[in-house]
Amino acid sequence: MKLDRKEILKALETITVAGEGKNMVESGAVANVLTFGDEVVVDLVLHTPAMHIKKRAEDDIKKTIHELVSPEAKIKVNIKVETPEKNEIKGRAIPGIKNIIAVASGKGGVGKSTVTANLAVTLAKMGFSVGVLDADIYGPSMPIMFDVENEKPTSIMVDGKSKMKPIESYEIKILSIGFFTAPSQAVIWRGPMAAKALNQMIFDADWGELDFMLIDLPPGTGDIHLSIMQSLPITGAVVVSTPQAVALADAKKGVAMFMQDNINVPVLGIIENMAYFTPEELPDNKYYIFGQEGAKNLAEDLDVPFLGEVPIVQSIREAGDYGRPAALQTASIIETIFEEITRNVVQETVNRNESLPATEAIKITTMAGCSAVKK
């Protein structure tokens, strides 16, 4: 059997690289096709280092050639990544902070802050050093969730400069605008003033050495988000959504914001919150109050990882209100759920860091040493 190069190119015109509108041949992704009897070598040039996109492109090529040309073809795909220079929104790194994860949601009320708090304490239990920046200027909730409402950051001298010392709770370093305002006081600030306050909490604070800084972003896609991404080199973003259509529509916009060419922040995945309700007296029953697997399906549609689902459990709400995140409940189902989700976040961070160009200042490239993480 001898393969026809023209026939293979015609077959490759039926598929596209994820995120590109044109087919592989028209877009120039297929650099060359060589045939040797029943063997074919496809040279592919991609413009993203994301591992899942490279794997999908290779699988699509093999499947298409087997289906449209010959099921007996022996196929080899060589992939070269050429990342074009872009006018990206990038900030300056904070010395000592290895990974900065933005936790976002397109819509308010989906439990983004609760998820952030529980991710933070689970990372700390895994042995990571963790900080939380509450960037939800107009609705700061971290002081309540970590039971530090009445705390005030103090000023310390670091290398001859006055710095804010973050509040510590459950081994997490926290800064929030909530520490600087009265509980009943509304924050009525325009964008530039809010951005200035955030920059002070980011750069005028003594964060020390952190493996992860989690940034609890406000809902939506607006000025605060741009200010954060201009100030900091975000390692990746995690998007939180509930399963119902109205939340998914906004979550989709949140993902699209991070994927914009001039922002280009990798989306580590989507977490589905309030996925189902299980009564305590009927532990085997699941009631899908807001719909079933909506965020999981959205992740598949957008070709981003699905990080896991969190059920509606009364103790999660109570724990947040009492200032002790639910993931701290030892040997509980909530602890297990958040451990699995956090493992996935760490693994996606590892995958992202390993696939970046060497010039990026990313430190964590292994999960070894974390007792709670599956090797």
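All values derive from a computational prediction rather than experimental measurement. (Residues numbered from 1 in each chain as written. Predicted model: local features only at pLDDT ≥ 70, side-chain atom pairs only at ≥ 80, totals over all residues. Heavy atoms only, no water.)

Peer 1: Before we move on, could you go through the pairing of strand E2 (residues 39-46) and cite the residues and values that matter?
Peer 2: In terms of burial, E2 is a largely internal element, six of the eight residues being buried. Pairing of strand E1 (residues 30-36) with E2 involves six bridges; the strand directions are antiparallel. For asparagine 32, the partnering residue across the bridge sits in E2 and is aspartate 43. If you look at the hairpin formed by E1 and E2, you'll find two residues sitting between the two strands, and glycine 37 has a positive phi there, around 65°. Bridge count for E2 against strand E3 (residues 74-81) is eight bridges, and the pairing is parallel. Of the residues in E3, the one forming a bridge with valine 45 is lysine 80. (Buried < 20%, exposed > 50% of the residue type's maximum accessible area, 1.4 Å probe, protein only. Helix = DSSP H or I, 4+ residues; strand = E, 2+ residues; numbered from the N terminus. Pairing = 2+ DSSP bridges.)

Peer 1: Break down the packing of helix H3 (residues 112-125) against helix H10 (residues 333-355) for me, with residues and values.
Peer 2: Orientation of H3 relative to H10, taken along the N-to-C sense of each, is 80°, at an axis distance of 9 Å. Regarding the angle of H3 to H10, the classification is roughly perpendicular. Facing H3, whose interface residues are Val115, Asn118, Leu119, Thr122, Leu123 and Lys125, H10 presents Glu335, Phe338, Glu339, Ile341, Thr342, Val345 and Val346. Class assignment of the residues belonging to the contact of H3 with H10 gives a composition of seven nonpolar, three polar and three charged. (Axes fitted to C-alpha atoms, helices over the stretch in contact; angles between N-to-C directions. Parallel < 35°, antiparallel > 145°, perpendicular 65-115°, else oblique. Contact = heavy atoms within 4.5 Å. Nonpolar A, V, L, I, M, F, W, Y, C, P; charged D, E, K, R; others polar.)

Peer 1: If you had to explain a nonpolar patch on the surface to someone new, which residues and values would you point to?
Peer 2: Where nonpolar side chains cluster on the molecular surface, the patch consists of Phe277, Leu282, Tyr287, Ile289 and Phe290 and spans about 430 Å² of accessible area. Of the residues examined, phenylalanine 277 reaches a relative accessible area of 31% and is grouped as partly exposed. (Patch = residues over 30% accessible without salt bridge, like charges linked within 9 Å, V, L, I, M, F, W, Y side chains within 5 Å. Areas by Shrake-Rupley, 256 points an atom, 1.4 Å probe, with all protein chains shown as cover. Salt bridge = Lys/Arg side-chain N within 4 Å of Asp/Glu carboxyl O.)

Peer 1: Which residues make up the side chain of threonine 116, and what values do they have?
Peer 2: One can find threonine 116 in helix H3. Engagement of the side chain of threonine 116 in a polar contact is seen with the backbone oxygen of lysine 112, the distance being 2.8 Å. Not counting residues within four places of it along the chain, the set of residues in contact with threonine 116 comprises Val103, Val132, Met142, Leu214 and Asp216. (Polar contact = N/O pair within 3.5 Å; in protein donor to acceptor, adjacent residues only side chain to side chain.)

Peer 1: Go over the environment of glutamate 280, please, and point to the residues and values.
Peer 2: On the secondary structure map, glutamate 280 appears in the loop between strand E12 (267-277) and helix H8 (294-302). As for glutamate 280 and glutamine 314, which are separated by 34 residues in sequence, their C-alpha atoms are 9.4 Å apart.

Peer 1: Describe the sheet that holds E2, listing the residues and the values that go with them.
Peer 2: Remark on secondary structure: sheet strands pair via backbone hydrogen bonds, oriented parallel or antiparallel. Ordered by their spatial adjacency, three strands build an open sheet running E1-E2-E3, and the pairing between neighbours is mixed. Strands with a single pairing partner mark the edges of an open sheet, and in this sheet they are E1 and E3. Strand-to-strand, the axes of this sheet are offset by a mean angle of 15°, without reference to chain direction. Set on the sheet, helix H1 (residues 5-12) makes contact with E1 and E2; between it and E1 the angle comes to about 140°. Where helix H2 (residues 51-68) meets the sheet, its contacts fall on E2 and E3, and the angle it forms with E3 comes to roughly 150°.

Peer 1: How would you sum up the sheet that holds strand E10 (residues 210-216)? Please name residues and give values.
Peer 2: Spatially, E8-E9-E5-E10-E4-E11-E12-E13 is the arrangement adopted by the eight strands of the open sheet, whose pairing is mixed. Sheet topology places strand E8 (167-169) and strand E13 (306-312) at the edges, where each strand pairs with a single neighbour. Direction aside, the axes of adjacent strands within the sheet are offset by 25° on average. Here five bridges tie strand E5 (residues 130-134) to E10, and the two strands are oriented parallel to one another. Within E10, the residue paired with aspartate 134 across the bridge is aspartate 216. Relative to strand E11 (residues 236-241), helix H7 (residues 245-259) is tilted by about 175°, and along the sheet it contacts strand E4 (97-104), E11 and E12. Lying on the sheet, H8 is in contact with E11, E12 and E13; it crosses E12 at an angle near 160°.

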